[in-house]
Structure formats: C-alpha cells, structure tokens
Amino acid sequence: MFWETLWPLVLGFGLSGFVQRFIGKRLIEKKLGDHRPATLARASGYGMASSSCSYAASALTKSMFGKGADFISSLVFMISSTNLVIELGIVLVVLIGWQFLIGEFFGGILMIIVLALIGLVAFPKSLVERARAGLDQGKSSNPDQVAQMHVAQSQVTQNQLIQAQPGTTNEAIRSLSAWSDAASFTVSDLKMLRKELLIGYLVAGILATLIPLRFWNSLFVPGNGVWTAIVNAVIGPAIAVLSFVCSIGNVPLAAALWKDGISFGGVISFIFADLITFPLLMIYRKFYGIKLTLRILAVFWLIMSLAGFVIGEVFSALRILPNHQVGQLTLSRFSWNYTSFLNVIFLVIFGVTYWLYRNQSKLGGGSGLAIDPICKMQVNTSNAPARREVAGKIYYFCNPGCADKFSEHPERYIS
C-alpha cells in the first residue's frame, strides 16, 4: 500500500515545500483568497494538477490556508487533489471498472458544489480566523488545548516560517539556497506527520489482512432498495474512518467490498472518505483545533454520503451500473509497472531533496532560521514562540514546551 502511494507522497510534500518557500502570500490571497465560483474552479484545477495522496494533500492545504487562501477554497483544493486525479482513476478502472471513474469524477464535482453552498454556515468566519491565527502561532486554535502544547512539540507547524520567506523571483528560482530552504520545508512537513503516516499504513495493512470481508459486509443492509442505498452511502465513510486506509490505498478494499455486494453509492462514498480517516482527523486537530476538526468531519461526511447516494441512484436509473464481478482484489505483491517507474523517479527526486535539506547551511540557505534543539524543526528567529540563552548563545524553539524541556537539562541538548 505504501509502495502504491509512494510517488504521490513525494510529489505532494514536495509541492508543499515549494509553496511555503517560493509562493508569496499575496499571490495565494489573490488566486484563492475568496470562495467565488471562479476561485473554486481554480482551486479544483490546482488540486487536480497537484495529484496528492491524503496525507500530502492535508499538508499542502494547511500551507495554502496559512498563506492566506480562503478556507472553503482550501478544502475544495484538498477534495480535488485526492479525488479528481489521474492515478486514482487508473487504479479504479483496473480494479473495478470505468463506471467508478466516472462516478468518482462527477461525485467529486457534486461535493465541491454542495460544500460551496453550505460552507459559510458550516465554517463561521470567526472560527476560521482563530484557526488561521493558531497556525501563525504554531499551535492549536482551540484554547482548551494550548496548555497541552508539549504533547505536540515534535509536530509543530511551519507557518511561522512562511511569513519571512520572499515570493517567487527569477533569482530565487535559480538559487540553490532557496531550493535548500524549500527542501527543508518538505522534510519538516514529513517529520511533522511521520507518526500519522506510520500508524495509517501499518493499521491499514493489518486490517486488510486480518479482518474478514464479511465483517465489513455485515455493516450494510442488503436487499432493501432505496433504504439500502441510503444506509450504504452513510456507512461507507464510517468504514473508511475505521479502516485507516488513505488515498489510492483504499481502492483495493473498495473493490473487495463491491464484489461482496455493497452498493455502488456506498463504494463511491467510501472512496471519497479517505479524507476523514482517523489519522487525518488527528492531523486536522493539530492544524485547526478540535472545534473546526469536528465541523470538517460532519460536513465531509454529509457531502460524501450525499454524493455517493446521488451518483448511485443516477447510475442505477441510467442502467450503467457495473456488475459485482471484479478481477484483482488486492495489490498483494510488487510488480514492475508504471507505479514502479514513477517510484524510482520520485525516490531519486526525494534523494536530491534530502541532500539539499542536509546541506542547507553549506548552500547558503536558512537565513533568519534556526533549528529547535529539541525536535529539530526549523523556526524563524524573528518571531520564534520561545527562546533561551545559555553561555551567551541564544537557542530558538518552535513552542514553549520545547523551551521548557530544554531548560531542564540544557547541557544534554547543546552537546
């Protein structure tokens, strides 16, 4: 599962680093600073072009929102970058059939339309701005969790670094120091989400091999017409939340569910729900706070279920539903295919990225930045949340929790 999603991971996190270093805040505000129809269409196009997996899309969405993008436009970008993408469509066609590709595409558009209609009510401006302020401070926007900052001290966001970075210029594009800064942002985002990534892939693999399919099938109500379609569309996201399976990795499980008799709409809503798996909800909580995360969960569950149900009923009325006989159910072994070629290419790209990150200081990068000695994250020296002075040297920290830990035994971390 990790192998199947490796190159989208590298691409998504790489784009996130590029956005944070090269794309100026004013440009983001200009292109995605509102949620008018033209802006939402632009966000959808950007998402399709980014073609990210769920984890990488969440990191890139956070970066864009922190840069000044409208919250609804940011969510539209995340939906399109995980559902309206080429690699997902290819796997859907191979494993289940072309109908699922068409259903996924038009269902994604339907989700975006519904999100645009209910977004202002579901996400009040005051709550959104608190979340944005929380990102700027490198902590949760929920005041109830501020006292628990030390729990997330190794997973602080990078938005305090964004403010000091210049926008895109020809000189910056040609500068190795600028690219080393972008590489550092990329690696930092990977470090920030490393636990969620590990848990997500590990649990998904365990569930895919140890939980029998009849367990998932027992959660649905077969043979009751429209009622079955409604129940399937609503429960589809629940299975996604419990299965921990993200992005393109949920397609094999979707194929197995489809062969086992789950409705077309239920499978569609399940595939959409890779954006609300449990590890991703934990990421949203760290990014935006618990209140906004619960609203994201409720809104996404609603629009995913609605899109799945509507697409299923339309396909049924048009009599173009695929049969329940599918070929390959799981990608259980490695093979030399297009994914392998892309993985090799992007592993080379990541190797270069990591070299740039490791040689940031030698290449002249890191101006105005420092390394937190506790969690090894970059912080902006001009607005670091905390700092300590030892023997005449100042150390900068990503949050007060790291600074307090440093103060207990500074000699341990200085060495």
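Further up the page is the structure itself.
Counting restarts for each chain, with residues numbered from 1 along the sequence as it is written. At least 70 in pLDDT is required for a residue's local features to be given in this predicted model, at least 80 for side-chain atom pairs to be given and counted, and no such filter applies to totals for whole chains, interfaces and linings, which use all residues. The basis for the side-chain values is all heavy atoms of the structure; hydrogens and waters are excluded.

**Re the overall build of the chain**
Here a strand is any run of E in DSSP of at least two residues, a helix any run of H or I of at least four, and the numbering for each starts at the N terminus. The secondary structure content of the chain amounts to 22 helices and four strands. Across the 415 residues that make up the chain, the buried fraction comes to 55%. Per-residue accessibility, obtained with a 1.4 Å probe over protein chains only, is compared with the maximum for each type, and a residue is labelled buried under 20%, exposed over 50%, and partly exposed between these values.

**Some points on the packing of aromatic side chains**
Only Phe, Tyr and Trp rings are paired, with Trp represented by its six-membered ring, and only when their centres lie within 6.5 Å; those with planes under 30 degrees apart are stacked, over 60 edge-to-face, the remainder tilted. Taken as a whole and judged by the stated rule, the model has 16 aromatic pairs. Where F65 meets F71, the ring centres are 5.1 Å apart and the plane angle is 65°; that geometry is what we call edge-to-face. With a centroid separation of 5.0 Å and an interplanar angle of 55°, the aromatic rings of F397 and F406 are classed as tilted. As far as burial versus exposure is concerned, F397 and F406 are alike and both buried. Of the aromatic side chains, those joined through ring pairs into one cluster are F65, F71, F123, Y284, F287 and Y288.

**Regarding the pattern of salt bridges**
Any carboxyl oxygen of Asp or Glu that lies within 4 Å of a side-chain nitrogen of Lys or Arg is treated as forming a salt bridge with it. For the structure shown, the criterion picks out two salt bridges. One salt bridge in this structure joins R132 and E129, with 3.5 Å as the shortest N-O distance. Of this pair, R132 and E129 both sit in helix α8 (residues 125-136), three residues apart, which is roughly one turn of the helix. Classification of E129 as partly exposed rests on a relative accessible area of 36%. Residues D404 and R388 are paired through a salt bridge, measuring 3.1 Å at the closest nitrogen-oxygen approach. You can see D404 sitting in helix α21 (residues 400-408) and its partner R388 sitting in strand β3 (residues 386-390), a full 16 residues away along the chain.

**Topic: unusual backbone geometry**
Its identity as a non-glycine residue notwithstanding, R319 has a phi of 60°, on the positive side. You can call R319 exposed: its relative accessible area is 77%. Of note, A391 is a non-glycine position whose phi angle comes to about 55°, a positive value.

**Notes on the pairing of β3**
When DSSP finds two or more bridges between a pair of strands, those strands are recorded as paired. Here β3 pairs with strand β4 (residues 393-397) via five bridges, running antiparallel. Within β4, the position partnered with A386 by the bridge is F397.

**Remarks on the side chain of S74**
Along the polypeptide, S74 turns up in helix α5 (residues 71-83). By relative accessible area, S74 is classed as buried at 2%. From its side chain, S74 meets the backbone oxygen of D70 in a polar contact 2.8 Å long. A 3.5 Å cut-off defines polar contacts: any pair of N or O atoms within that distance qualifies, except that in protein one atom must be a possible hydrogen donor and the other a possible acceptor, and neighbouring residues in sequence count only when both atoms are side-chain atoms.

**Points about the side chain of T353**
Relative to the assigned elements, T353 resides in helix α20 (residues 338-358). Those residues in contact with T353 that sit more than four places away from it in its chain are A183 and T186. A contact between two residues is defined here by any heavy atoms of the two lying within 4.5 Å.

**Quick look at the nonpolar core**
Burial of nonpolar side chains together is a common tendency in soluble globular proteins. Formed by 75 residues in total, the largest nonpolar core has its most connected members in F71, L115, F123, Y288, F300, I303 and M304. Ranked by residues supplied to this core, first place goes to helix α19 (residues 290-317) with nine residues. Working definition of a nonpolar core: buried Ala, Val, Leu, Ile, Met, Phe, Trp, Tyr and Cys residues. They are joined through side-chain atoms within 4.5 Å. A386, F397, C402 and F406 belong to the second-largest nonpolar core, a separate cluster that totals eight residues.

**Observations regarding the environment of I206**
Within the element layout of this structure, I206 appears in helix α13 (residues 194-210). Separated by 37 residues in sequence, I206 and S243 place their C-alpha atoms 9.4 Å apart.

**Let's talk about the packing of helix α18 (residues 278-288) against α19**
Only C-alpha atoms enter the line fits that serve as axes; for helices the fit covers just the stretch in contact. Angles between N-to-C directions range over 0 to 180 degrees. Orientation of α18 relative to α19, taken along the N-to-C sense of each, is 135°, at an axis distance of 7 Å. Taken together, the axis directions place α18 and α19 in an arrangement best described as oblique. Remark: the crossing between α18 and α19 carries right-handed chirality. For the pair formed by α18 and α19, the contact residues are L281, Y284, R285 and Y288 on the first element and I290, L292, T293, I296 and L297 on the second. Gly falls in the polar group here, along with every residue not listed as nonpolar (Ala, Val, Leu, Ile, Met, Phe, Trp, Tyr, Cys, Pro) or charged (Asp, Glu, Lys, Arg). Each residue belonging to the contact of α18 with α19 can be placed in one class, and the counts come to seven nonpolar, one polar and one charged. Any angle that falls under 35 degrees is termed roughly parallel, while one over 145 is termed roughly antiparallel, one within 65 to 115 roughly perpendicular, and all others oblique. With the far helix as reference, a near helix turned anticlockwise by less than a right angle produces a left-handed crossing, and one turned clockwise produces a right-handed crossing.

**Focus on the environment of A254**
Positionally, A254 belongs in helix α16 (residues 250-259). Counting along the chain gives 162 residues from A254 to L92, while the straight-line C-alpha distance between them is 9.2 Å. Once residues lying within four places of it in the same chain are set aside, the contact partners of A254 are I96, V267, F270 and I271.

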